[in-house]
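# Architecture and fold: a report
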Amino acid sequence: MRTPLFVGGFMLLGLTMSVGYAAGRAGPDQQFFEKHVNELVKVQAVPLDNPALDKVMAGKFFTLNLTVAQGIETEVVARLGDKIVQITLPSETAPIPGLKELVKPDFKLSSDADAHALQDVFDILYPVDSDGAKVKTIRHEGDTWTFVRGKFFEHLEGLIVKTDAKGTIESVSRSLEVK
(Lines give C-alpha, C1' and ligand atoms only; values in the text may rest on other atoms or scores of the structure.)
Protein backbone atom coordinates (compact mmCIF):
# COMPACT_ATOMS: atom_id res chain seq x y z
CA MET A 1 0.00 0.00 0.00
CA ARG A 2 1.30 3.47 -0.89
CA THR A 3 0.50 5.59 2.12
CA PRO A 4 2.32 3.89 5.02
CA LEU A 5 5.81 4.22 3.54
CA PHE A 6 5.15 7.74 2.31
CA VAL A 7 3.68 8.78 5.64
CA GLY A 8 6.41 6.84 7.41
CA GLY A 9 9.05 8.69 5.43
CA PHE A 10 7.60 12.03 6.30
CA MET A 11 7.15 10.94 9.91
CA LEU A 12 10.85 10.04 9.95
CA LEU A 13 11.64 13.39 8.39
CA GLY A 14 9.40 15.16 10.90
CA LEU A 15 10.87 13.20 13.80
CA THR A 16 14.40 14.05 12.80
CA MET A 17 13.47 17.68 12.31
CA SER A 18 11.84 17.87 15.73
CA VAL A 19 14.82 16.46 17.66
CA GLY A 20 16.16 19.32 19.72
CA TYR A 21 12.81 21.06 19.73
CA ALA A 22 11.38 18.53 22.18
CA ALA A 23 12.83 20.52 25.04
CA GLY A 24 11.55 23.72 23.47
CA ARG A 25 14.83 24.76 21.88
CA ALA A 26 16.90 24.13 18.78
CA GLY A 27 20.28 22.69 19.48
CA PRO A 28 23.25 20.91 17.94
CA ASP A 29 21.28 17.66 17.63
CA GLN A 30 18.62 19.42 15.57
CA GLN A 31 21.25 20.93 13.31
CA PHE A 32 22.92 17.54 12.93
CA PHE A 33 19.70 15.83 11.79
CA GLU A 34 18.73 18.66 9.45
CA LYS A 35 22.14 18.30 7.84
CA HIS A 36 21.99 14.49 7.54
CA VAL A 37 18.31 13.65 6.98
CA ASN A 38 18.99 13.40 3.24
CA GLU A 39 21.15 10.36 4.02
CA LEU A 40 18.03 8.57 5.31
CA VAL A 41 15.40 9.82 2.90
CA LYS A 42 15.97 10.13 -0.85
CA VAL A 43 13.49 12.04 -3.00
CA GLN A 44 13.23 12.02 -6.78
CA ALA A 45 10.62 14.31 -8.35
CA VAL A 46 9.57 13.39 -11.90
CA PRO A 47 7.41 15.97 -13.71
CA LEU A 48 3.93 14.72 -14.58
CA ASP A 49 3.23 16.37 -17.91
CA ASN A 50 -0.24 15.89 -19.32
CA PRO A 51 -2.46 18.20 -21.40
CA ALA A 52 -5.47 17.43 -19.17
CA LEU A 53 -3.60 18.74 -16.13
CA ASP A 54 -2.47 21.83 -18.04
CA LYS A 55 -6.04 22.63 -19.10
CA VAL A 56 -7.69 22.36 -15.68
CA MET A 57 -5.08 22.60 -12.96
CA ALA A 58 -2.68 25.26 -11.73
CA GLY A 59 0.78 24.43 -10.47
CA LYS A 60 3.12 21.68 -11.57
CA PHE A 61 2.47 18.04 -10.83
CA PHE A 62 5.11 15.47 -10.02
CA THR A 63 5.43 11.80 -9.31
CA LEU A 64 7.48 11.77 -6.14
CA ASN A 65 9.64 8.69 -5.55
CA LEU A 66 10.51 8.55 -1.87
CA THR A 67 13.10 6.02 -0.74
CA VAL A 68 13.38 5.22 2.95
CA ALA A 69 15.63 2.40 4.18
CA GLN A 70 14.90 -0.57 1.90
CA GLY A 71 11.61 0.61 0.43
CA ILE A 72 10.43 3.01 -2.23
CA GLU A 73 7.09 4.74 -2.34
CA THR A 74 5.49 6.66 -5.19
CA GLU A 75 3.09 9.54 -4.59
CA VAL A 76 1.70 12.34 -6.73
CA VAL A 77 2.21 15.86 -5.44
CA ALA A 78 1.71 19.33 -6.82
CA ARG A 79 3.87 22.39 -6.47
CA LEU A 80 1.86 25.58 -6.26
CA GLY A 81 4.26 28.45 -5.79
CA ASP A 82 6.18 27.74 -2.58
CA LYS A 83 3.64 25.15 -1.38
CA ILE A 84 3.61 21.41 -1.88
CA VAL A 85 0.22 19.71 -2.01
CA GLN A 86 -0.05 15.97 -1.49
CA ILE A 87 -2.60 14.45 -3.86
CA THR A 88 -4.39 11.89 -1.72
CA LEU A 89 -7.95 10.77 -1.22
CA PRO A 90 -9.34 10.75 2.30
CA SER A 91 -10.08 7.25 3.59
CA GLU A 92 -13.66 8.29 4.40
CA THR A 93 -16.37 10.57 3.08
CA ALA A 94 -14.70 13.97 3.46
CA PRO A 95 -13.37 16.99 1.58
CA ILE A 96 -10.19 16.41 -0.44
CA PRO A 97 -7.56 18.68 1.11
CA GLY A 98 -5.90 21.16 -1.22
CA LEU A 99 -7.52 20.02 -4.47
CA LYS A 100 -9.87 22.98 -4.94
CA GLU A 101 -6.94 25.39 -4.63
CA LEU A 102 -5.15 23.58 -7.46
CA VAL A 103 -7.92 24.18 -10.00
CA LYS A 104 -7.17 27.09 -12.32
CA PRO A 105 -9.24 30.14 -11.34
CA ASP A 106 -10.56 30.49 -14.90
CA PHE A 107 -11.67 26.85 -15.20
CA LYS A 108 -15.46 26.57 -15.07
CA LEU A 109 -17.41 23.35 -14.63
CA SER A 110 -20.55 24.22 -16.52
CA SER A 111 -20.81 21.77 -19.42
CA ASP A 112 -20.37 18.10 -20.23
CA ALA A 113 -17.09 18.95 -22.00
CA ASP A 114 -15.81 20.64 -18.82
CA ALA A 115 -16.88 17.61 -16.79
CA HIS A 116 -15.00 15.26 -19.11
CA ALA A 117 -11.89 17.47 -18.86
CA LEU A 118 -12.11 17.26 -15.06
CA GLN A 119 -12.73 13.51 -15.27
CA ASP A 120 -9.48 13.21 -17.27
CA VAL A 121 -7.68 14.98 -14.42
CA PHE A 122 -9.26 12.64 -11.86
CA ASP A 123 -8.13 9.66 -13.98
CA ILE A 124 -4.54 10.89 -13.72
CA LEU A 125 -4.57 11.85 -10.06
CA TYR A 126 -6.88 9.12 -8.74
CA PRO A 127 -6.84 6.21 -11.21
CA VAL A 128 -9.70 3.72 -11.11
CA ASP A 129 -9.21 -0.02 -11.13
CA SER A 130 -10.92 -2.37 -13.59
CA ASP A 131 -13.98 -2.71 -11.33
CA GLY A 132 -14.23 1.08 -11.08
CA ALA A 133 -14.06 1.42 -14.84
CA LYS A 134 -17.26 -0.64 -15.09
CA VAL A 135 -19.29 1.90 -13.09
CA LYS A 136 -17.40 5.11 -13.93
CA THR A 137 -19.81 7.85 -14.95
CA ILE A 138 -20.58 11.54 -14.51
CA ARG A 139 -23.84 12.83 -13.06
CA HIS A 140 -25.00 16.43 -12.89
CA GLU A 141 -27.82 17.92 -10.88
CA GLY A 142 -27.99 21.66 -10.18
CA ASP A 143 -24.71 22.83 -8.69
CA THR A 144 -23.51 19.27 -7.91
CA TRP A 145 -21.40 17.14 -10.22
CA THR A 146 -20.85 13.53 -9.18
CA PHE A 147 -17.96 11.60 -10.68
CA VAL A 148 -18.62 7.93 -9.91
CA ARG A 149 -15.23 6.24 -9.64
CA GLY A 150 -15.90 2.75 -8.30
CA LYS A 151 -17.59 0.67 -5.65
CA PHE A 152 -17.16 0.64 -1.89
CA PHE A 153 -18.81 -2.55 -0.63
CA GLU A 154 -22.48 -2.27 -1.72
CA HIS A 155 -22.28 1.46 -2.49
CA LEU A 156 -20.82 3.48 -5.29
CA GLU A 157 -17.92 5.77 -4.44
CA GLY A 158 -17.00 8.95 -6.16
CA LEU A 159 -15.92 12.55 -6.14
CA ILE A 160 -18.52 15.22 -5.48
CA VAL A 161 -17.83 18.65 -6.96
CA LYS A 162 -19.99 21.62 -5.98
CA THR A 163 -20.00 24.79 -8.08
CA ASP A 164 -21.48 28.24 -7.91
CA ALA A 165 -23.93 29.56 -10.52
CA LYS A 166 -21.06 30.49 -12.88
CA GLY A 167 -19.43 27.04 -12.69
CA THR A 168 -16.58 28.00 -10.36
CA ILE A 169 -15.64 25.01 -8.23
CA GLU A 170 -16.44 25.66 -4.57
CA SER A 171 -15.63 22.25 -3.07
CA VAL A 172 -14.38 18.77 -3.95
CA SER A 173 -15.11 15.83 -1.67
CA ARG A 174 -14.88 12.08 -1.69
CA SER A 175 -18.03 10.11 -0.98
CA LEU A 176 -18.12 6.42 -0.14
CA GLU A 177 -21.92 6.36 -0.41
CA VAL A 178 -22.88 7.86 -3.75
CA LYS A 179 -26.62 7.49 -4.30
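This structure is a prediction, so every number in the text was calculated from the model and none was measured. (Residues numbered from 1 in each chain as written. Predicted model: local features only at pLDDT ≥ 70, side-chain atom pairs only at ≥ 80, totals over all residues. Heavy atoms only, no water.)

## Focus on the confidence of the model for the chain
- Mean pLDDT over the chain stands at 86; residues scoring 70 or higher make up 85%.
- Contacts of residues 1–8 to residues separated by more than four positions or lying in other chains number 18 contacts, the stretch itself having pLDDT below 50.
- Counting interchain partners and residues more than four positions distant, the pLDDT-below-50 stretch residues 10–24 has 22 contacts. (pLDDT = per-residue confidence, 0-100. Contact = heavy atoms within 4.5 Å.)

## Digging into the packing of aromatic side chains
- By the definition in use, this model includes 4 aromatic pairs.
- When the centroid spacing of 5.2 Å and the interplanar angle of 85° are considered together, the rings of F32 and F33 count as edge-to-face.
- Aromatic rings pair up to connect F122, Y126 and F147 into one cluster. (Phe/Tyr/Trp six-rings, centres within 6.5 Å; stacked < 30°, edge-to-face > 60°.)

## Some details on the sheet that holds strand β6 (residues 137–141)
- Reading across from one edge, β5-β9-β8-β7-β6 is the order of the 5 strands in this open sheet, with antiparallel pairing throughout. Both edges of this open sheet fall to β5 (94–95) and β6, since each of them pairs with a single strand only.
- In this sheet, strand β7 (residues 144–152) lies alongside β6 in antiparallel orientation, the contact comprising 5 bridges. For R139, the partnering residue across the bridge sits in β7 and is T146.
- Packing against the sheet, helix α5 (residues 112–125) makes contact with β6, β7, β8 (155–163) and β9 (169–178), and its axis sits at approximately 35° to β7. (Pairing = 2+ DSSP bridges. Helix = DSSP H or I, 4+ residues; strand = E, 2+ residues; numbered from the N terminus. Axes fitted to C-alpha atoms, helices over the stretch in contact; angles between N-to-C directions.)

## Re the environment of G142
- Inspection of the secondary structure assignment puts G142 in the loop between β6 and β7.
- Distance from G142 to T163, taken between C-alpha atoms, is 8.8 Å for residues 21 residues apart in sequence.

## So, the sheet that holds strand β1 (residues 41–47)
- Read from one edge of the open sheet, 4 strands run β1-β2-β3-β4, paired in antiparallel fashion. On the outer flanks of this sheet lie β1 and β4 (83–86), each paired with one strand and no other. Neighbour-to-neighbour, the strand axes of the sheet open up by a mean angle of 35°, direction not taken into account.

## Remarks on the nonpolar core
- Core analysis: the biggest nonpolar cluster contains 28 residues, and M57, L118 and L125 have the highest contact counts within it.
- Sort the elements by how many residues they give to this core and α5 lands first, with 6 residues.
- Look past the residues within four positions of L125 in its chain and what remains in contact with it is L53, M57, F61, V76, I87 and L99. (Core = buried A, V, L, I, M, F, W, Y, C linked by side-chain atoms within 4.5 Å. Buried < 20%, exposed > 50% of the residue type's maximum accessible area, 1.4 Å probe, protein only.)

## Some words on the environment of M57
- With respect to the helices and strands, M57 occurs in the loop between α3 (51–56) and β2 (60–68).
- With relative accessibility at 3%, the residue M57 sits in the buried group.
- Residues M57 and K100 lie 43 residues apart in sequence; the distance between their C-alpha atoms is 9.3 Å.
- In this view, M57 contacts L99, L102, V103, K104, V121 and L125; residues no more than four positions away in its chain are not counted.

## Remarks on the pattern of salt bridges
- Considering all chains together, one arrives at 4 salt bridges under this definition.
- Between D131 and K134 there is a salt bridge, and its shortest N-O distance comes to 3.6 Å. Linking D131 with K134, this pair stays in helix α6 (residues 130–135), spanning 3 residues, or about one helical turn.
- Between R174 and E157 there is a salt bridge whose closest N-O contact spans 2.5 Å. One end of the pair, R174, is in strand β9; the other, E157, is in strand β8, and 17 residues separate them in sequence.
- Classification of E157 as buried rests on a relative accessible area of 15%.
- The network of salt bridges with common partners includes D123, K136 and R149. (Salt bridge = Lys/Arg side-chain N within 4 Å of Asp/Glu carboxyl O.)

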